[in-house]
Each structure stands twice: as structure tokens, then as C-alpha cells.
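As a plain string of letters, each chain reads:
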Amino acid sequence: MIRVEDLHKHFGGFRAVDGTTLEIREGSITGLIGPNGAGKTTLFNVIAGNLPPTRGRVFMDGEDITGMPPHDLFHKGLLRTFQIAQEFSSLSVRENLMMVPGSQRGEAIWSTWFNRRRIAEDERALEVKADEVLEFLTIDHLKHEKAGRLSGGQKKLLELGRTMMVEAKIVFLDEVGAGVNRTLLNTIADAILRLNRERGYVFVVIEHDMDFIARLCDPVICMAEGRVLATGTIDEIKANEQVIEAYLGTGLKNKLMADT
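*Asks:* Now, about the environment of asparagine 45: what can you tell me, with residues and values included?
*Replies:* Here asparagine 45 lies in helix 1 (residues 40-47). Sequence separation between asparagine 45 and proline 70 is 25 residues, and the spatial gap between their C-alpha atoms is 9.5 Å. The contacts of asparagine 45, once residues within four sequence positions are left out, are Asn50, Leu51 and Arg80.

*Asks:* For the sheet that holds strand 2 (residues 14-24), give the residues involved together with the corresponding values.
*Replies:* Hydrogen bonding along the main chain pairs the strands of a sheet, whether they run parallel or antiparallel. Read from one edge to the other, the open sheet built from four strands follows the order 2-1-4-5, with strand pairing classed as antiparallel. The open sheet has two free edges, formed respectively by strand 2 and strand 5 (63-64), since each of these has just one partner strand. In this structure, strand 4 (residues 55-60) lies alongside strand 5, joined through two bridges in antiparallel fashion. Bridge pairing links methionine 60 to glutamate 63 in strand 5. Taken strand by strand, helix 1 contacts strand 1 (2-11), strand 2 and strand 4, and its axis lies near 115 degrees from that of strand 1.

*Asks:* Before we move on, could you go through unusual backbone geometry and cite the residues and values that matter?
*Replies:* Outside of glycine, negative phi angles account for most residues, and trans bonds account for most peptide bonds. Note that the residue after aspartate 218, namely proline 219, is joined by a cis bond; omega there is 10 degrees. Residues other than glycine seldom take positive phi values, yet aspartate 6 does so here, at roughly 45 degrees. Note that aspartate 6 resides in strand 1.

*Asks:* Hey, could you go over the sheet that holds strand 9 (residues 220-224) for me, with residue numbers and the actual values?
*Replies:* Strand order in this open sheet of six strands is 6-7-8-3-9-10, and the pairing throughout is mixed. Each edge of the open sheet is held by one strand with a lone partner, namely strand 6 (78-80) and strand 10 (227-232). Taking the axes of each pair of neighbouring strands and ignoring which way they run, one obtains an average angle of 20 degrees across the sheet. Relative to strand 9, strand 3 (residues 29-33) runs parallel, the two being bridged by three bridges. In the strand pairing of strand 9, leucine 32 is matched with isoleucine 221.

Rules and cut-offs
Residues numbered from 1 in each chain as written. Predicted model: local features only at pLDDT ≥ 70, side-chain atom pairs only at ≥ 80, totals over all residues. Heavy atoms only, no water. Helix = DSSP H or I, 4+ residues; strand = E, 2+ residues; numbered from the N terminus. Contact = heavy atoms within 4.5 Å. Pairing = 2+ DSSP bridges. Axes fitted to C-alpha atoms, helices over the stretch in contact; angles between N-to-C directions.

Read these as layout, nothing more, since geometry by itself doesn't imply function.
So this is what it looks like as C-alpha cells:
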């Protein structure tokens, strides 16, 4: 579904992404791991159109999408979330979801004058869909809560819910587990698995929680210093000497192997 060819992103003399080549296959949940500063989030930003590449190409379903702006990629079904949730804090949880679909009739001022009935019908349909999403994510009891009052984990679920309000094909999740308690993290993992299996969502997940990665992801890609260091199953990655040294340090090898 996604092919990245010799991708570079430089900030002055710093090479955040330095010749990365990888593929994300249809139907997969791919894990992206690596030490801080490995270039993971920058890679996401370039693929998702938030940053232009210095050079290299990005393809989606065979189409060159290099440098395409995020709103165009949104309409193609490529979405991403951020390490820090980007909710509309003063709106309710349901209203946050209803904001997502683009080209709504009510966005045009002339429609508010002449098409009020259709706008009302559209809003009712969006309410129904938002409630279905919230029920799927098991947070329907929070639909009238202000989004700014949610916990960190609930905000991550809300971000995931946004992707369900449109016809998403591939979703890039940036540290979805950061600051989330174990119970909510399990809820998030369950939702990701269901979306993948029941609705065909493809996910790419940046995460430092190796248990979370092990439960969800195959394959796992490890980056270091802006490049792909290794790709394989979680067991292959955990046994890779280069990964152990670059990501965890050789002193943690025995602990890592014991965890497997």
C-alpha cells in the first residue's frame, strides 16, 4: 500500500531521515520502533505531507504522493495521529467526531441560508455515525463530555475515533500508548485489531511499549540514525544484535531475551 524509496529529510546539516526505503503491505499492522532521534516521527511527517522531503519518493497504491499536502492525503484515506492529542477541547466528544468529515454542506455560507433542512439532516446522520464510533470504542458514555476533560488514554481513543468518521485506508499512529494506563492501552489495542480485521484498516504504529508492539504488529521495522536497521517479526527483531545495540544497549540483551 505504501512504498518509500530512498527518502531523505535534512534540517541543515542534520539528517533526520537518511535514505530510508521500506514498504507497508496491504492488510498489515506494522510496528516502527527505534531509539529517540531515530527519525520515526519525521518519517511519518514526510509520508503524511506535514513536511516536504529533501529527496526521495513516497507512493500509495502505486501513485506518487510525494509532497502532497495533508488535506489531499486525507481524502485519499491516509490519516495520522500525533504524540500529543489534537482535540477541540471546548467541544464535546461527539462534536469532535462530527467535525472530521470534509466538505460538509453547512460549511458553505449560502447553504446556511437556503439548505437548512439538508444541513440538519446531515448533522443527524453525523450524530448517528459518531455514536456508533463511540460505542465501538466503548466510550459512548463520554459523548457529551468536553474533550479537554478526557484523560490521556481517552483522548487517544478519541483520535482513533476520528479516523473512523471517514473512509480511512491507512492510519499512522504516533506513540498511541504514551501516557496511557494499561487498561486503556488494552482497549486501544483491541480497537486497532478490530479495525484491521473487520474493516481492513492498515496501521503503522510508532511505539516504545514492546508488549504493545508484540501483540499487534507484524512486521516490525527498527530505525536508527534515520535509516532502516532491520525488518522482521518481533522475535526476529528482538534477537537482532544490531537492534539490541542501537535501540536498547548491549547491557539489556539478557533482559530482552528473557522477555521473549
